[in-house]
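# Working through the structure, step by step
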Amino acid sequence: MIITDVPDRHYEIVTVGTGFGSLFFVHRLLQLRPATKVLMIERGPFRSWEMQVSEGHNSPIASHDTFESTGVHKKWNFTIAYGGGTNCWGATTPRMHPNDFRLATLYGRGRDWPVSYDALEPYYVAAEQIMDISGPDDLHLISPRSQPYPQPPHKLSAVDRLMKQAQPEMHFALPTARARVATRQRPQCCASLVCEHCPIGAKFTALNGFNHILESPNVLVLMDAEVLDVERSGASAVSGVRFRRNGREQRIRCDVCVLGANAIHSPAILRRSGFEHPLLGVGLNEQLGYAVEVLLDGLDTLDGSTISTGANYTMYDGPFRSEHGAVFMVFDNDFPYGLRKEFGRWRQTLSIRVSAADDLVDENRVSVNDQGRAVVHYVGHSPYAERAIDHYLASLPKILSALPVEEIVHRGYRRTQSHLQGTLRMGTSSSDSVVDSAQIHHAVRNLVVVGTSVLPTCPAVQPSLTAAALSLRAADLMFG
Ligand SMILES: Cc1cc2nc3c(=O)[nH]c(=O)nc-3n(C[C@H](O)[C@H](O)[C@H](O)COP(=O)(O)OP(=O)(O)OC[C@H]3O[C@@H](n4cnc5c(N)ncnc54)[C@H](O)[C@@H]3O)c2cc1C
Ligand code: SF4
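Summarised in this report is the structure supplied together with it. Please read all numbers here as calculations on a predicted model, not as lab measurements. (Residues numbered from 1 in each chain as written. Chains lettered and ligands numbered in written order. Predicted model: local features only at pLDDT ≥ 70, side-chain atom pairs only at ≥ 80, totals over all residues. Heavy atoms only, no water.)

## Notes on the packing of aromatic side chains
- Under the defined criterion, the tally for this structure stands at 18 aromatic pairs.
- Here the aromatic rings of Phe20 and Phe24 are separated by 6.0 Å at their centres, their planes lie at 5°, and the arrangement is stacked. Placement of both Phe20 and Phe24 in helix 1 (residues 20-32) is noted, with a separation of four residues, approximately one turn of the helix.
- Cation over ring: Arg145 sits above Tyr149, and NZ or CZ is 3.6 Å from the ring centre.
- The lysine or arginine in question, Arg232, covers the ring of Phe275, its NZ or CZ lying 4.2 Å from the ring centre. (Phe/Tyr/Trp six-rings, centres within 6.5 Å; stacked < 30°, edge-to-face > 60°. Helix = DSSP H or I, 4+ residues; strand = E, 2+ residues; numbered from the N terminus. Lys NZ or Arg CZ within 6 Å of the ring centre and 35° of its normal.)

## Brief notes about the sheet that holds strand 13 (residues 349-356)
- The six strands lie next to each other as 5-11-12-13-10-16, forming an open sheet whose pairing is antiparallel. Either end of the sheet is taken by a strand with one partner, and the two such strands are strand 5 (171-173) and strand 16 (405-413). Taking the axes of each pair of neighbouring strands and ignoring which way they run, one obtains an average angle of 25° across the sheet.
- Alignment of strand 10 (residues 288-296) against strand 16, held across seven bridges, turns out to be antiparallel. Directly across from Ala291, in strand 16, lies its bridge partner Gly412. (Pairing = 2+ DSSP bridges. Axes fitted to C-alpha atoms, helices over the stretch in contact; angles between N-to-C directions.)

## Some words on the site of ligand 1
- Around ligand 1 sit 36 residues, and of these Gly21, Glu42, Gly90, Thr92 and Ser464 come closest.
- A distance of 2.8 Å is found between an oxygen atom of ligand 1 and a backbone nitrogen or oxygen belonging to Gly21.
- In isolation ligand 1 has 1000 Å² of accessible area, and contact with the protein removes 95% of it.
- When contributions to the shell around ligand 1 are tallied by element, the ones reaching two or more residues are helix 1, helix 3 (85-88), strand 7 (225-232) and helix 9 (262-272).
- Across the shell around ligand 1, the residue classes break down as 13 nonpolar, 19 polar and four charged. (Near = heavy atom within 4 Å. Polar contact = N/O pair within 3.5 Å; in protein donor to acceptor, adjacent residues only side chain to side chain. Areas by Shrake-Rupley, 256 points an atom, 1.4 Å probe, with all protein chains shown as cover. Nonpolar A, V, L, I, M, F, W, Y, C, P; charged D, E, K, R; others polar.)

## Some words on the sheet that holds strand 4 (residues 68-71)
- Across the sheet, which stays open at both edges, the three strands sit in the order 4-15-14 with mixed pairing between neighbours. Both edges of this open sheet fall to strand 4 and strand 14 (365-368), since each of them pairs with a single strand only. Between one strand and the next, the sheet's axes are offset by a mean angle of 30°, whatever the strand orientation.
- Pairing between strand 4 and strand 15 (residues 374-378): four bridges, direction parallel. Residue pairing for strand 15: Gly71 is matched across the bridge by Tyr378.
- Across the face of the sheet, helix 9 comes into contact with strand 14 and strand 15 while running at roughly 40° to strand 14. (Contact = heavy atoms within 4.5 Å.)

## Considerations on the site of ligand 2
- Close to ligand 2 lie 13 residues, the nearest being Cys189, Ser192, Leu193, Cys195 and Cys198.
- More than half of the atoms of ligand 2 fall within 2 Å of the grid points belonging to the largest cavity.
- Split into classes, the residues belonging to the shell around ligand 2 amount to eleven nonpolar, one polar and one charged. (1 Å grid on protein atoms, 1.4 Å probe; cavity = no way out; pocket = protein on both sides within 12 Å on 5 of 7 lines; lining within 4 Å. Sits in = over half its atoms within 2 Å of the grid points.)

## Considerations on the side chain of Asp100
- Structurally, Asp100 can be placed in the loop between helix 3 and helix 4 (103-107).
- A polar contact of 2.5 Å, which involves the side chain of Asp100, links it to the side chain of Arg321.
- Ignoring sequence-local partners within four residues, the contact set of Asp100 consists of Trp113, Tyr316, Arg321, Thr457 and Pro459.

## A look at the pattern of salt bridges
- One pass over the structure, following the stated rule, counts 26 salt bridges.
- Note that Asp476 is salt-bridged to Arg28, the shortest N-O span being 2.8 Å. Here Asp476 is found in helix 11 (residues 464-479), whereas its partner Arg28 is found in helix 1, with 448 residues between them in sequence.
- Given the relative accessible area of 17%, Asp476 is considered buried. (Salt bridge = Lys/Arg side-chain N within 4 Å of Asp/Glu carboxyl O. Buried < 20%, exposed > 50% of the residue type's maximum accessible area, 1.4 Å probe, protein only.)

## As for the nonpolar core
- Of all hydrophobic cores here, the largest spans 101 residues; its most connected members are Phe24, Leu39, Ile41, Met131, Ile252 and Phe328.
- Sort the elements by how many residues they give to this core and helix 11 lands first, with eight residues.
- The contacts of Phe328, once residues within four sequence positions are left out, are Pro94, Leu174, Ala311, Asn312, Tyr313, Tyr316, Arg353, Val354, Ser355, Ala460, Val461 and Gln462. (Core = buried A, V, L, I, M, F, W, Y, C linked by side-chain atoms within 4.5 Å.)

## Here we look at unusual backbone geometry
- Unlike most non-glycine residues, Asp224 shows phi in positive territory, near 55°.
- Judged by its relative accessible area of 36%, Asp224 is partly exposed.
- The backbone phi angle of Leu302 is positive, close to 60°, even though this residue is not glycine.
- Residue placement: Leu302 occurs in the loop between strand 10 and strand 11 (308-312).

## Digging into the packing of helix 5 (residues 117-130) against helix 11
- One way to put it is that helix 5 packs onto helix 11 with a least axis distance of 8 Å and a crossing angle of 110°. The orientation of helix 5 with respect to helix 11, classified from their angle, is roughly perpendicular. Between helix 5 and helix 11 lies a crossing whose hand is right-handed. The residues of helix 11 that touch helix 5, namely those facing Leu120, Tyr123, Tyr124, Ala126, Ala127, Glu128 and Ile130, are Leu465, Thr466, Ala468, Ala469, Leu470, Leu472, Arg473 and Asp476. (Parallel < 35°, antiparallel > 145°, perpendicular 65-115°, else oblique. Left-handed = near helix turned anticlockwise from the far one by under 90°.)

## As for a nonpolar patch on the surface
- A surface patch of nonpolar side chains, amounting to about 460 Å² of accessible area, comprises Phe335, Leu339, Phe343 and Trp346.
- Position of Phe335 relative to the elements: it lies in the loop between strand 12 (327-332) and strand 13.
- For Phe335, a relative accessible area of 34% puts it in the partly exposed group. (Patch = residues over 30% accessible without salt bridge, like charges linked within 9 Å, V, L, I, M, F, W, Y side chains within 5 Å.)

## Some thoughts on empty space enclosed by the protein
- All chains considered together, the criterion is met by three cavities of 30 Å³ or more.
- Within this model, the largest cavity holds a volume of roughly 90 Å³.
- In this structure, the largest cavity is lined by 13 residues; those nearest its centre are Arg178, Cys189, Ser192, Cys195 and Cys198.
- Partitioning the lining of the largest cavity into residue classes produces ten nonpolar, one polar and two charged.
- One number sums up the size of the second largest cavity: a volume of about 50 Å³. (Points joined across faces, edges and corners; volume = space filled by probe spheres on them.)

## Description of the packing of helix 1 against helix 11
- Following both chains from N to C, one finds helix 1 and helix 11 inclined at 35°, their axes separated by 8 Å at the closest point. Seen along the crossing, helix 1 lies across helix 11 with a hand that is right-handed. In contact with Phe20, Gly21, Phe24, Phe25, His27, Arg28, Leu29 and Leu32 of helix 1, helix 11 contributes Ser464, Ala468, Ser471, Leu472, Ala474, Ala475, Asp476, Met478 and Phe479.
- Looking at the contact of helix 1 with helix 11 residue by residue, the class counts come to eleven nonpolar, four polar and two charged.

In structure tokens:
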């Protein structure tokens, strides 16, 4: 239930934020313990989907207005509103590769995750079911699955069909929360290609997928309230949360605090709260993105059933990962550079966007300034990611050899992948991480961190399905 004032001064669970991490945690909590008293505190406003579509943005609060930047300028993109990133996201939902969880052991890079692919697999299934993910079951060749995808895969484009024929074990329909078939809440995706504000509501969002949370009498959602800090009682417990709403500061007490304010604002809140740890806020990252347009000779494409249809894993896994990062290739069914101008060749264009796994760079970090505002200090991507893009570009003609390629036009590095992550990493001990494998702070045992902040390495794939699965698991471990 949305509220404008908190009726009680104490709640069993308080979540900071209402994005992916917090909502999936609360969803599982309500399944396990439906009578729990929960307060969700959200900095942004509640925007109905109709408002978002008609206004053309997800929130009136611009991401870059919520923090300061120093160092190299880089765009960090997120939504401050009820539902967080579930509003703006493109709804692409690949799983991580099993070897992503064992980078250090296998390739001597980064670090191993404190949770294995096998341990997370049932939670991937659960998150995919909640979001009615559409995907191809042969993707088990890359990421093994115990259950089929809830929805069939989207229709491949003509390009994807040729790629699939040539590389049956490397090219797949892209998994997505853009509905392939209508659900009770969502119509079938019609490839209208403006997913940040999908005009028909075909992709999963908090507004069409988690209504039961808003309707639960035990869950109160306080909007437009910025959490300033969490309050401690001694060294090993949080006692409550301090927030500001309409210029007025208030405090509430809680038994457990679930911190899900995104990978910039969660570490900033802990810094403002006086938490100290050498890795707190350290390693802010996202993949390095690159885009090409492929001009096709005589092949009409753009006939798939959603905005992006193909996933290619040719450059994803192998011993090369000790030298350069994994590259995840997404084949679009879209024309971001316009249709071809030549008569009759309008559809002979292919957009490919890739993301390369980065190494976490210690200098890329979040701190707070004297006024308590979040500050992002960024020095750039690692050479590990840059080398990955170089290798990809050199290999691309061979990867695309099944297609009638006329020309590959380099469209350059992407300004942002919109996947900020990694500033409160999870690990096995406080010497290598801020939170443990259950996402509980190593020292403060009633503080759980959710969302992409906890990712200890940078997977090449989009992170939100993994963040959702981790949240379901964290709730299970705490309350199951
Ligand atoms: C344009 C775009 C496209 C994307 N597409 C994809 C995609 O296709 N696939 C994919 O996997 N990922 C995608 N993402 C990334 C995805 O949105 C994030 O990975 C995901 O939202 C991270 O979840 P989170 O819980 O960490 O943070 P969020 O979902 O951002 O939630 C954080 C919440 O905390 C709130 N908050 C922040 N500070 C405070 C505070 N002080 N007090 C109270 N509340 C606060 C925020 O308003 C927000 O509601 C996309 C992102 C963008 C911007
Ligand atoms: S492709 Fe179109 S219909 Fe499908 S989710 Fe995106 S905007 Fe909605």
